[in-house]
Amino acid sequence: MATLFVSDVHLSAQRPDIVDAFEQFLQSQARQADAVYILGDLFDEWLGDDDDRAPHPRITRALSGLSESGVPVRIMHGNHDFLLGASFEQASRCSLIGDPSVIDVGSTRVLVMHGDSLCTRDTDYQAFRKMSRERDNQREFLGLPLEARAERAAALRGQSREAMRLKPEDIMDVTPEAVVEAMREHNVRHFIHGHTHRPAVHELEVAERSAVRIVLGDWYQQDSVLIWSGGGYRLGRISDI
Ligand code: MN
């Protein structure tokens, strides 16, 4: 039995192959897990819990099936799906967890985050993040018809793609000092996040002790998963479970 971690699946109707692969994962390998954590950007675009465009209903059903089979599923907001809310929770029978959260995996305390809040060198993005997380702004946005929300989101994505093209590579990665600070603040030696699409296991030092930061990969290139069982963990692919 293992605890499984995935992130950045970015489910969308544009990539039916990923939707099929993820649904298959929920219906097979995930059923054997102790728990499944999805650390953000499960959906490529979620514009409110009434956003019933494909593949949302199908994936919500598959998540609910997995939860009903007895596997706890915990989902964190990413920067693409931070509008997942209480109605989604109810329909999917999953629990939304805060970013950051500290969880127990076996006897190990682990910090989990999506990762975008640690990209502190990207000040434009951090300003947008702050604005878009404000309750009043969200209420206003969610009050628009779905079509108007989709138009606004498409415009924002166009701007963001253009901005990303012009930014140096390292700005898009997490800031090392922000990582150490978060791990120190939560007093952990293990940290798992996604967002950067740069899967790796990094060893570092936090408060003069050895520590580990595990970065989950995305599902655009590979079905990245972290398999944590007993005392050990392995960053691999779904076929490794
Ligand atoms: Mn992300």
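Our subject in this report is the structure included herewith. (Residues numbered from 1 in each chain as written. Predicted model: local features only at pLDDT ≥ 70, side-chain atom pairs only at ≥ 80, totals over all residues. Heavy atoms only, no water.)

## Brief notes about the side chain of H114
For clarity, the cut-off: Put simply, DSSP H or I for four residues or longer makes a helix, DSSP E for two residues or longer makes a strand, and each gets a number counted from the N terminus. For every residue, the accessible area (1.4 Å probe, protein chains only) is compared with the maximum for its type, and the residue is labelled buried under 20%, exposed over 50%, or partly exposed between those bounds. The term polar contact refers here to a pair of N or O atoms within 3.5 Å; inside protein, the definition further demands a hydrogen-donor-capable atom paired with an acceptor-capable atom, and it admits residues adjacent in sequence only when both atoms are side-chain atoms.
Topologically, H114 is positioned in the loop between β6 (108–113) and α4 (123–132). Residue classification places H114 among the buried positions, given a relative accessible area of 0%. In terms of polar contacts, H114 uses its side chain to reach the side chain of N79, at 3.0 Å. At 3.2 Å, the side chain of H114 forms a polar contact with the side chain of H195.

## Regarding the pattern of salt bridges
Heads up, the rule is: In the sections that follow, a salt bridge refers to a side-chain nitrogen of Lys or Arg positioned within 4 Å of a carboxyl oxygen of Asp or Glu.
Tallying each qualifying case throughout the model produces 20 salt bridges. Notably, a salt bridge pairs R129 with D99, separated by 3.7 Å at the nearest N-O pair. Pair noted here: R129 is in helix α4 and D99 is in the loop between β4 (95–97) and β5 (101–105), with a separation of 30 residues, a long-range link. Here R129 falls in the buried class, since its relative accessible area comes to 17%.

## Brief notes about the layout of surface pockets
The following threshold applies: Put plainly, a pocket is an open set of points on a 1 Å grid over the protein atoms alone with protein on both sides within 12 Å along at least five of seven lines, a cavity is a set where a 1.4 Å probe fits but cannot get out, and a lining residue has an atom within 4 Å of a point. Grid points are joined across faces, edges and corners, and a volume is the space filled by probe spheres set on the points. Under the convention adopted here, Pro, Cys and the residues Ala, Val, Leu, Ile, Met, Phe, Trp and Tyr are nonpolar, Asp, Glu, Lys and Arg are charged, and Gly plus all remaining residues are polar.
Its volume calculated, the largest pocket comes out at about 1400 Å³. Taken together, 42 residues make up the lining of the largest pocket; nearest its centre are N79, H80, Y125, F128 and S160. Those elements that place two or more of their residues in the lining of the largest pocket are α4, α5 (135–142) and α6 (146–166). Top element by residues in the lining of the largest pocket is α6. It accounts for 10 residues. Residue composition of the lining of the largest pocket, by class: 16 nonpolar, 11 polar and 15 charged. The space that makes up the second largest pocket amounts to roughly 220 Å³. The wall of the second largest pocket is formed by 14 residues, among which S12, A13, Q14, D44 and E45 lie closest to the centre. A class-by-class count of the residues in the lining of the second largest pocket yields five nonpolar, four polar and five charged.

## Quick look at the sheet that holds β6
Keep this limit in mind: At least two DSSP bridges between two strands are needed for those strands to be called paired. Only the stretch in contact is used when fitting a helix axis, every axis being a line fitted to C-alpha atoms; angles between N-to-C directions are given from 0 to 180 degrees.
Spatially, the five strands line up as an open sheet ordered β5-β6-β7-β9-β8, and their pairing is mixed. This sheet does not close on itself; its edge strands, each paired only once, are β5 and β8 (200–206). Along the sheet, successive strands turn relative to each other by an average axial angle of 30 degrees, direction set aside. Alignment of β8 against strand β9 (residues 209–215), held across seven bridges, turns out to be antiparallel.

## Remarks on the environment of S7
Note that S7 resides in the loop between β1 (3–6) and α1 (16–27). Sequence spacing of S7 and F43 is 36 residues, and the spatial spacing of their C-alpha atoms is 9.7 Å. A polar side-chain atom of S7 sits 2.5 Å from a polar atom in the side chain of D8.

## Brief notes about the sheet that holds strand β11 (residues 232–237)
Stated precisely, the cut-off is as follows: What makes two residues a contact is simply this: any of their non-hydrogen atoms within 4.5 Å.
If you walk across this open sheet you meet the six strands as β4-β3-β2-β1-β10-β11, and the pairing is mixed. What marks the edges here is a single partner per strand, and that holds for β4 and β11. Recorded for the sheet is a direction-independent mean angle of 25 degrees between the axes of neighbouring strands. Strand direction decides the pairing type here: β1 and strand β10 (residues 224–229), joined by three bridges, are antiparallel. Residue L4 lies in a different strand from β10, and its bridge partner there is I227. Relative to strand β3 (residues 73–76), helix α2 (residues 56–68) is tilted by about 140 degrees, and along the sheet it contacts β2 (35–39) and β3.

## A closer look at the environment of M113
Among the structural elements, M113 can be located in strand β6. For M113, a relative accessible area of 5% translates into the label buried. Here the alpha-carbon distance between M113 and A127, two residues 14 residues apart in the chain, equals 19 Å. Not counting residues within four places of it along the chain, the set of residues in contact with M113 comprises L39, M76, D99, P100, L118, A182, F191, I192, H193 and G194.

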